[in-house]
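Spelled out from the first residue to the last, the chains are:
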Amino acid sequence: METFDAITSRRNIRVYEARAIPAEHLTRILEAGRRTPSSSNKQRWDFVLVQDPAQLVRLAEVWRGAGHVGHAAAAIGIVAPVTDDWDTHGSIQYDLGQATMSMMLAAADLGIGTGHAAVSDRSLAAEILGLPVGQELAWLVGLGYPADRPLKPIKTPNRRPFEEVVHHEGW
Ligand SMILES: Cc1cc2nc3c(=O)[nH]c(=O)nc-3n(C[C@H](O)[C@H](O)[C@H](O)COP(=O)(O)O)c2cc1C
């Protein structure tokens, strides 16, 4: 898929086919995450790949909006160091957003759907994934082939109008 087609085709997929994702495709998606740029190249992230159905069902409990993870083919847990410094937190979250999008676009390129999930119960998430002290599950991404329709460029996305969002030479 052309890069721009991957960008315009990606949408949140929350219902998946019961079809496994080939290991080499999962590796490629994770490699896209690893290659993501980060603030001062600090790479304050770890990615936990989960494919065990029982583990996926447990992870779906970490937030009421994470239900789709429970029936995904796989999920990537995006783990980051805990900090109480607001600037550091912002910087880490920026980097994690970029890593998430890199992986989502790599997945879309392969026809694989992805769905974000936030994490509310961080202590439950840490227990499920066996995270070391000082690390927390920041976000989850469910993965699987879309059950409804394949990924293809969306002509009229539900987004604010281009002219409203884009400003020239100043506000
Ligand atoms: C930071 C962030 C957190 C999100 N959390 C959730 C979530 O917990 N559960 C969920 O189903 N979708 C979640 N989403 C998906 C958004 O609702 C979705 O991206 C948005 O509605 C736009 O739809 P689209 O991705 O299909 O273009 C999240 C997205 C982002 C960027």
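Not measured: the values here are computed from a predicted model. All residue numbers here refer to positions counted from 1 along the written sequence of the relevant chain. Restriction of local features to residues with pLDDT of at least 70 applies here, the model being predicted, together with a cutoff of 80 or more for giving and counting side-chain atom pairs; totals for whole chains, interfaces and linings are based on all residues. Side-chain descriptors were evaluated using all non-hydrogen atoms of the structure, hydrogens and water having been removed beforehand.

Take helix α2 (residues 23-34) next. Given 3.6 residues to a turn, an α-helix orients residues that are three or four positions apart in the same direction. Put simply, DSSP marks the helices as runs of H or I at least four residues long and the strands as runs of E at least two long, and each gets a number from the N terminus on. Expected helix span is taken as 1.5 Å per residue step, with the number of steps being one fewer than the number of residues. In this model α2 runs 16 Å from its N-terminal to its C-terminal C-alpha over twelve residues, within 8% of the 16 Å that 1.5 Å per residue would give. For each residue, the accessible area found with a 1.4 Å probe, counting protein chains only, is set against the maximum for its type, and the residue is called buried under 20%, exposed over 50%, and partly exposed in between. Leu26, Ile29, Leu30, Ala32 and Gly33 are the residues of α2 that are buried. Buried residues of α2 fall within an arc of 150° about the axis and therefore sit on the same side. Turned more than 90 degrees away from the buried face of α2 sit Ala23, Glu24, Thr27 and Arg34, all of them exposed. Pairs of residues are marked as contacts when any of their non-hydrogen atoms sit within 4.5 Å. Next to the buried residues of α2 lie β1 (46-50), β2 (74-81), α4 (86-109) and β4 (135-144). Directions drawn from the helix axis to the C-beta atoms are what define this arc.

A word on the sheet that holds β2. At least two bridges found by DSSP between two strands are what make those strands a pair. Reading across the sheet, the four strands line up as β1-β2-β4-β3 and stay open at both edges, with antiparallel pairing between neighbours. The open sheet is flanked by β1 and β3 (113-118), the only strands paired with a single partner. The average angle at which neighbouring strand axes cross in this sheet is 25°, direction not considered. By the bridge criterion, six bridges tie β3 to β4 in an arrangement that is antiparallel. Across the sheet, His116 pairs through a bridge with Val141, a residue of β4. Sitting on the sheet, helix α5 (residues 122-129) is in contact with β1 and β4, with an inclination near 75° to β4. In this description, a line fitted to the C-alpha atoms serves as the axis of each element, helices being fitted only across the stretch in contact, and the angle between N-to-C directions of two axes falls anywhere from 0 to 180 degrees.

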